[in-house]
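Notes for the structure review
Spelled out, the chains give:
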Amino acid sequence: MLQPVRGFDAELPSPVEELHDAALARHDVRLLLKRDDLIHPEIPGNKWRKLKYNLAAAREEGHSTLLTFGGAYSNHLRAVAAVGHSFGFNTIGAVRGEDHAPLNWSLGFATSRGMRLTYLDRSTYRRKRDPEVIATLQQQFGPFFLVPEGGSNALAVQGCAELPPEIDTGFDVICCACGTGGTLAGIASGLHEQQRAIGFSALKGGQFLAGEVAKLQRQAFGSTSGNWRIEYDFSFGGFAKRNPELDRFIQEFKDRHGLSLDWVYVAKMLYGVFALVEGGQFEPGTAIVAVITGPADCAPTP
């Protein structure tokens, strides 16, 4: 049984809120927000769902240390540091690039939750999955449970598959941001027969994500679900990039609905949802769920 050693008060199931907007009403489309950003202040949204079964596996295998990878502003690194702190694991973050001194706010938070940092040059970081790179880290730090960059593996997919059954309002389509593919792979696997999922790539040139989602579903459940697709036209120039058009959308959304959006993932996804609605991509009467995977204050700075 996975038990926290420090206070861990998760809000599960996360709330579902209907969004009332004239742009949606014109097309007779309902939009529900699945507020996974409210699950936990330090381990929000898809981070907790992805890490839940990884933590259980680490505990079952007798590991006391978690090691993972991420950039200098990685939401994932912070989440792993936080779950390690709450559940009694040592944590190591292998950071892409040079030593960051003084630490930025993101890495500073990670170390405040006990994470030990090490740095990999960009060439080595690109080979982070290679056995020789892992072996070198094991020689340096001793045994550890490896959590992949972004947290996406078969265990993460199983955690994300638990999201759709939490929604007690009928819906036709569920949408989420897509960075590594794990969240979409899990959500699509948890749908009923007539429901479908749409992922919105946060990456420029993210067409490879379709193969990643299919691979993750096979690893987790033995087959692909075939009920999902990915939109690639809403990355706004690429990962962690933004422009005035996206900024206007974020500000107008906040003015209308009082909700600040994470611009790296969530805002791009919601912009895409509204664009598809305006383009007539959804039949009148369609009910859409948009998963808010993270809060605005957990996004990397430009």
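These remarks concern the structure in this document. Here the structure is a predicted model, which means the values were calculated and not measured.

What counts, and at which threshold
Residues numbered from 1 in each chain as written. Predicted model: local features only at pLDDT ≥ 70, side-chain atom pairs only at ≥ 80, totals over all residues. Heavy atoms only, no water. Helix = DSSP H or I, 4+ residues; strand = E, 2+ residues; numbered from the N terminus. Rg over C-alpha atoms; globule rule 2.2 N^0.38 Å. Buried < 20%, exposed > 50% of the residue type's maximum accessible area, 1.4 Å probe, protein only. Salt bridge = Lys/Arg side-chain N within 4 Å of Asp/Glu carboxyl O. Axes fitted to C-alpha atoms, helices over the stretch in contact; angles between N-to-C directions. Parallel < 35°, antiparallel > 145°, perpendicular 65-115°, else oblique. Left-handed = near helix turned anticlockwise from the far one by under 90°. Contact = heavy atoms within 4.5 Å. Phe/Tyr/Trp six-rings, centres within 6.5 Å; stacked < 30°, edge-to-face > 60°. Lys NZ or Arg CZ within 6 Å of the ring centre and 35° of its normal. Expected span 1.5 Å × (residues − 1). Polar contact = N/O pair within 3.5 Å; in protein donor to acceptor, adjacent residues only side chain to side chain. Core = buried A, V, L, I, M, F, W, Y, C linked by side-chain atoms within 4.5 Å.

Secondary structure assignment for the protein yields 11 helices and 10 strands. In terms of C-alpha radius of gyration, the protein reaches 19 Å, essentially the compact-globule figure of 19 Å for 302 residues. In terms of overall dimensions, the protein has a C-alpha envelope of 60 × 40 × 35 Å along the principal axes. Counting over 302 residues, the protein shows a buried share of 54%.

A few words now on the pattern of salt bridges. In the structure shown here, the tally under the stated rule is 15 salt bridges. The partner of Arg-26 in a salt bridge is Glu-278, and the shortest N-O contact between them spans 2.7 Å. Of this pair, Arg-26 sits in the loop between helix H1 (22–25) and strand E2 (30–34) while Glu-278 is found in helix H11 (residues 266–278), placing the two residues 252 residues apart along the sequence. With relative accessibility at 58%, the residue Arg-26 sits in the exposed group. Taking the relative accessible area as the measure of exposure, Glu-278 reaches 40% and is therefore partly exposed. Taking the shortest distance from any N to any O, the salt bridge between Lys-52 and Glu-162 comes out at 3.1 Å. Residue Lys-52 is found in helix H2 (residues 45–60), and its partner Glu-162 is found in the loop between helix H7 (154–160) and strand E7 (173–178); the two are separated by 110 residues along the sequence. Under the relative-accessibility criterion, Glu-162 is labelled partly exposed at 28%. By sharing partners, the salt bridges in this structure join Lys-34, Asp-36, Arg-49 and Glu-166 into a single network.

Another aspect to go through is the packing of H2 against helix H3 (residues 75–87). Relative orientation of the contacting elements H2 and H3 amounts to 50°, with a least axis distance of 11 Å. Here H2 is positioned oblique relative to H3, judged by the angle of their axes. Between H2 and H3 lies a crossing whose hand is right-handed. Residues Lys-47, Trp-48, Leu-51, Leu-55 and Arg-59 of H2 touch H3, and the partners they reach there are Asn-75, His-76, Ala-79, Val-80, Val-83 and Phe-87.

Bringing the packing of aromatic side chains into the picture now. Applying the stated rule across the entire model yields 10 aromatic pairs. A ring pair is formed by Trp-48 and Phe-87, whose centres lie 5.7 Å apart and whose planes are at 15°; its orientation type is stacked. Remark: Phe-87 occurs in helix H3 and Trp-48 occurs in helix H2; sequence separation between them is 39 residues. Accessibility classification places Trp-48 together with Phe-87 in one group, the buried group. Considering the side-chain rings of Phe-69 and Tyr-125, the 6.1 Å spacing of their centres and the 85° angle between planes classify their relative orientation as edge-to-face. Of the two residues, Phe-69 sits in strand E3 (residues 65–70) while Tyr-125 sits in helix H5 (residues 122–126), which places them 56 residues apart along the sequence. For the pair shown, Phe-69 and Tyr-125 are each scored as buried. Among the aromatic residues, ring-to-ring pairing joins Phe-200, Phe-234, Phe-236, Phe-249, Phe-253, Tyr-271 and Phe-274 into one connected group. Taking NZ or CZ as reference, Arg-242 lies 4.4 Å from the ring centre of Trp-263, over its face.

Taking 1.5 Å per residue, 13 residues should reach 18 Å; H3 reaches 18 Å between its end C-alpha atoms and fits that length. By the criterion of burial, H3 is predominantly enclosed, with 12 of the 13 residues buried. The complete set of buried residues in H3 reads Asn-75, His-76, Leu-77, Arg-78, Ala-79, Val-80, Ala-81, Ala-82, Val-83, Gly-84, Ser-86 and Phe-87. For H3, the capping residue at the N-terminal end is Ser-74, with a side-chain oxygen 3.1 Å from the backbone nitrogen of His-76. Downstream of H3 by a residue or two, Gly-88 has a phi angle that is positive, lying close to 80°.

Below, the discussion takes up the nonpolar core. By size, the foremost hydrophobic cluster in this structure holds 34 residues, and its most contacted members are Leu-31, Met-269 and Leu-270. If you tally residues by element for this core, the top one is H11, at nine residues. Every residue in contact with Leu-31, bar those within four places of it in the chain, is listed here: Glu-17, Glu-18, Leu-19, Leu-24, Leu-270, Val-273, Phe-274, Ile-288 and Ala-290.

Right, let's get into the environment of Gly-186. Within the fold, Gly-186 resides in helix H8 (residues 182–189). Separated by 83 residues in the primary sequence, Gly-186 and Leu-103 place their C-alpha atoms 34 Å from one another. Gly-186 has contacts with Val-157, Cys-160 and Ala-161, leaving out every residue within four places of it along the chain.

Moving on, we come to the side chain of Arg-35. Structurally, Arg-35 can be placed in the loop between E2 and H2. Judged by its relative accessible area of 9%, Arg-35 is buried. In terms of polar contacts, Arg-35 uses its side chain to reach the side chain of Glu-17, at 3.0 Å. Ignoring any residue separated from it by four or fewer positions in sequence, one finds Arg-35 in contact with Ser-14, Pro-15, Glu-17, Leu-259 and Ile-292.

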